[in-house]
Every structure is written in structure tokens, then in C-alpha cells.
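# Results of the structural survey
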Amino acid sequence: MRFLLFTAFLTLALLPGGCGDGTDRRTLADPSVPTLSGAPPVVIAHRGASGLYPEHTLAAYEAAIDMGADFIEPDLVMTRDGVLVARHERYLSTSTDVADREEFAGRKTVKPVGDGEREDWFVEDFTLSELKSLRARQTRPGRPSEHDGIHTIPTLTEILGLVAITNQTGQTVGVYPELKSPSYFKVQGLAPKTALVEALEAAELDALGVPVFIQSFEPWVLRELDAETDWPLVQLLPVTTGEVLTPKAIAGYADGIGPWKQVLMGFEGGPEAYIALAHANELVVHPYTFRDDAVGPGFDTIQAELRAYYNLGVDGVFTDFPDTALAVRDGELNDP
Ligand code: G3P
Ligand code: CA
């Protein structure tokens with residue numbers, strides 16, 4: 001059932017006009033491209049076009065859509081009053097101006113983060129109204145900062161609204177939400193998984209034919225979603241729970257694998273064997289994260305890196321620079 005939904009998206013995307021910009025990139029498909037479906041790999045705008053705009057802002061998502069990305073990717077965390085918003089971390093100092101806001105000085109505290117602790121301001125200690133008073137900023141050195149101080153933190157509902165409007169205008173763009181730290185939020189008495197399902201249902205994405213993948217590093221939340229919904233699911237690797245999951249085990253509850261690039265390259269039998277194994281289990285493979293300004297080890301250019309992964313048969317890539325990934329993908333297909 002899940003895989004049928006995904007296949008339906010690929011079929012839909014192969015129809016003329018699928019890119020909404022007068023071109024149809026997918027009709028350029030080379031049938032020899034070794035993805036699971038045979039269609040070209042999808043380009044997933046990681047935190048939006050975050051190479052240009054502050055990550056996880058509507059401006060970053062809109063830019064990615066304008067570039068022609070196949071999906072936009074919001075990481076989701078939850079406010080004190082139970083609203084899902086887009087941030088990569090639960091802490092706020094690196095992606096917003098919270099540290100400059102005197103009214104929130106007393107909110108700074110020490111909390112668990114990953115395997116350690118961090119002194120910072122945390123999303124779960126703010127109401128949505130309070131969060132909306134903050135302004136986003138660029139998180140990575142060397143990237144444009146002229147958009148800092150302008151954009152607010154978007155809610156999931158706002159992001160889904162952007163996706164719905166885009167699809168209503170004839171451009172197909174999917175949404176690829178990630179549940180961040182669902183175990184932590186559950187302990188806090190918050191319910192991000194339920195909120196995500198409710199928001200997706202309320203947005204009526206099925207009726208619009210919007211492609212969706214839900215992703216998480218935590219297998220338990222994907223297993224629950226598998227039992228409760230039909231949305232396609234992607235297991236991110238490495239998992240945060242310490243479980244060792246084979247593609248066959250992942251196929252028991254998910255539809256794809258999102259491996260860190262180094263995990264994929266470091267697979268004992270090599271990346272080709274891992275992708276073949278995933279495909280044999282009807283799982284797509286979407287590695288992360290491709291960055292023009294942080295090319296992976298062993299590659300001289302981002303173009304060479306992307307081309308190598310495409311040639312391995314990955315079914316999609318997460319990238320901060322969707323325009324680059326699209327150009328390499330489509331140039332490759334135009335010039336076999
Ligand atoms: O979701 C794919 C990738 O984004 C996972 O890494 O830490 O950037 O969310 P992260
Ligand atoms: Ca993510």
C-alpha cells in the first residue's frame with residue numbers, strides 16, 4: 001500500500017508539465033538509471049534552499065520550490081503549547097536571535113541534547129506566540145547573511161499551506177517532514193506524532209496528489225505510524241536508539257532508508273550492494289546531505305559527488321542547494 005502511493009507519485013511526476021515551469025525534467029529519464037522505479041532521483045530541499053536563506057523559513061522553502069525541487073524538508077519540533085514548528089534543533093541560539101532578546105534572558109537553561117547537555121533556549125519552553133517574535137538567521141559560516149533578522153519560524157501548518165498552494169497552481173512539490181526527538185517530546189507530555197498526522201490530514205494533501213514521506217531517526221515512531229497511517233515512511237540512519245537495522249528489517253515498517261552519506265559509503269559490501277539490498281526489499285534510498293560548500297571526502301566538486309551518487313542508483317538526495325542537484329541530475333540525463 002505504501003509503495004503503491006510512492007509509485008503513483010512517480011507516475012504522476014512523469015506526466016507532462018510536472019515541473020510547472022514549462023519544462024518537464026522527468027520526461028528526460030534515461031531508463032537505464034538504476035533507481036528502484038527507473039525514474040530519475042528526486043531532489044529534496046534540505047531545510048529548504050538553506051544554502052541561500054536561513055534554514056527552515058518560508059523564504060527558504062519558497063526558493064526551493066522556485067528552483068524546481070521535488071520535495072521540501074521541514075524538521076519538526078514542538079512548542080510548549082503543542083504546535084509543530086520547523087527547526088533542526090530543539091535549542092534556538094544558533095538559528096534565531098533569541099540570545100539578543102532581553103525578555104527571554106531568564107529562559108536560558110541547561111537541558112539534555114543528544115548524548116550530552118547544552119545551556120541554551122529550548123523550543124519546548126516557548127509558546128508559539130513567543131517563538132513568532134524571534135527572527136531566523138543563517139546557521140552556517142560563509143553563507144549569505146543578508147536575510148538574517150527578517151523571517152519568522154514557520155509552523156507545519158503554514159508549510160503545508162505553501163505546499164498546497166503550489167500544487168494547486170500546477171507545480172508538483174512534495175513535503176518530507178522529519179519528526180525530531182519524538183521520545184524526548186513524549187516524556188515532556190507532548191505528542192508530535194499525533195500532531196503531524198492531524199496536520200497532514202487537515203491539509204488534505206491526498207486530494208491534491210501531494211507526495212509525502214515522513215522520516216525519523218527513531219524507529220519506534222515510524223513503527224507506530226506504520227500501524228496507524230498509509231503515509232510513506234523513511235528510516236534515517238544511523239538510528240539514535242542503537243538498534244542495528246538491516247534493509248529487510250526496515251522494510252517491515254518503512255518504505256525507504258535515509259542514510260548519512262558516510263554510512264552508505266561505509267557499508268561492509270560497498271554502497272552498490274547496500275542499495276541493491278534496499279531495492280530488493282522495495283526500499284528507496286535517499287542519502288543526506290549534499291552541500292556545495294562542504295563537498296564530501298574523496299570528491300573535488302559537488303557535481304562530481306552528486307554524479308557519483310546518482311550513478312550508484314540512489315532514489316533521491318537531500319541537499320541544501322537544490323538548484324545544483326537538479327542541474328547535475330538533468331544535465332546527466334540530457335547528455336547520457
Ligand atoms: O533528514 C535527513 C537529514 O536531514 C538528517 O539529518 O540532522 O540534517 O536532520 P539532519
Ligand atoms: Ca532532517
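Residues numbered from 1 in each chain as written. Chains lettered and ligands numbered in written order. Predicted model: local features only at pLDDT ≥ 70, side-chain atom pairs only at ≥ 80, totals over all residues.

## Section: the overall build of the chain
Assigned secondary structure in the chain consists of 13 helices and 13 strands. Sorting the 336 residues of the chain into buried and exposed places 45% on the buried side. Relative to all contacts within the chain whose residues are 6 or more apart in sequence, the contacts with residues 24 or more apart total 65%. (Helix = DSSP H or I, 4+ residues; strand = E, 2+ residues; numbered from the N terminus. Buried ≥ 20, exposed ≤ 12 C-beta atoms within 10 Å, placed from the backbone. Contact = placed C-beta atoms within 7 Å.)

## Thoughts on the sheet that holds strand β1 (residues 42-46)
What the four strands build is an open sheet, ordered β7-β2-β1-β13; its pairing is parallel. Strands at the two margins of the open sheet, each flanked by one partner only, are β7 (174-175) and β13 (316-319). With two bridges connecting them, strand β2 (residues 71-73) and β7 associate as parallel partners. Directly across from I72, in β7, lies its bridge partner V175. (Pairing = 2+ DSSP bridges.)

## Points about the site of ligand 1
Surveying the vicinity of ligand 1 reveals the residues H46, D75, H88, E178, Q215, L236, G258, Y288, T289 and F318. The residue makeup of the shell around ligand 1, split by class, is three nonpolar, five polar and two charged. (Near = placed C-beta within 6 Å. Nonpolar A, V, L, I, M, F, W, Y, C, P; charged D, E, K, R; others polar.)

## So, the packing of helix α2 (residues 58-67) against helix α4 (residues 156-168)
One can describe the packing of α2 onto α4 by two numbers: an axis separation of 11 Å at closest approach and a directional angle of 25 degrees. Taken together, the axis directions place α2 and α4 in an arrangement best described as roughly parallel. As α2 packs across α4, the resulting crossing turns out to be right-handed. Residues L58, Y61, E62 and I65 of α2 touch α4, and the partners they reach there are E158, I159, L162 and T166. The class makeup of the residues in the contact of α2 with α4 is five nonpolar, one polar and two charged. (Axes fitted to C-alpha atoms, helices over the stretch in contact; angles between N-to-C directions. Parallel < 35°, antiparallel > 145°, perpendicular 65-115°, else oblique. Left-handed = near helix turned anticlockwise from the far one by under 90°.)

## Some points on α2
Considered for burial, the residues of α2 that qualify are A60, Y61, A63, A64 and I65. Just beyond α2, the residue with positive phi is G68, at close to 100 degrees.

## Some details on helix α12 (residues 302-312)
Regarding α12, the residues found buried are I302, E305, L306, Y309, Y310 and L312. The buried residues of α12 all sit within an arc of 160 degrees when viewed along its axis, so they share a single face. One or two positions beyond α12, positive phi appears at G313, with a value near 100 degrees. (Arc of directions from axis to C-beta.)

## Remarks on the environment of G68
With respect to the helices, strands and loops of the structure, G68 is situated in the loop between α2 and β2. C-beta crowding within 10 Å serves as the criterion here: with 22 such atoms nearby, G68 is assigned to the buried category. Separated by 254 residues in the primary sequence, G68 and P322 have C-alpha atoms spaced 7.9 Å apart.

## Details of unusual backbone geometry
The amide bond that connects L237 to the next residue, P238, takes the cis arrangement and shows omega of 5 degrees. In this fold, P238 is placed in the loop between β10 (233-237) and α9 (247-250). Each neighbour pair has its own omega, and for Y288 with T289 the value is -10 degrees, a cis peptide bond. Backbone geometry places S181, a non-glycine residue, at a positive phi of 50 degrees. Examined against the element boundaries, S181 turns out to sit in the loop between β8 (178-179) and α5 (182-187). Here E282, not a glycine, exhibits a phi torsion of approximately 60 degrees, which is positive.

## Structural notes on the pairing of strand β3 (residues 75-78)
The two faces of β3 match: D75 and V77 on one face and L76 and M78 on the other face are all buried. For β3 and β8, the ladder comprises two bridges, and the chain directions are parallel. Paired with D75 across the two strands is E178, which belongs to β8. With three bridges connecting them, β3 and strand β4 (residues 84-86) associate as antiparallel partners. Residue pairing in the sheet places V77 in a bridge with V85 of β4.

## Thoughts on the confidence of the model for the chain
Overall, the prediction assigns the chain a mean pLDDT of 90, with 89% of residues at 70 or greater. No element of the chain has a lower mean pLDDT than helix α1 (residues 2-13), which averages 38, and none a higher one than β4, which averages 99. Note that residues 1-31 has pLDDT below 50 and, in this model, 53 contacts with residues that lie over four places away or in other chains. (pLDDT = per-residue confidence, 0-100.)

## A word on the pairing of strand β6 (residues 116-120)
Regular strands place their side chains on alternate faces of the sheet. By the criterion of burial, β6 is predominantly exposed, with just zero of the five residues buried. As paired elements, strand β5 (residues 109-113) and β6 share five bridges and run antiparallel to each other. Across the sheet, the residue bridging to P112 is E117, located in β6. From the end of β5 to the start of β6, which pair antiparallel, there are two residues, and G114 there has a positive phi angle of about 55 degrees.

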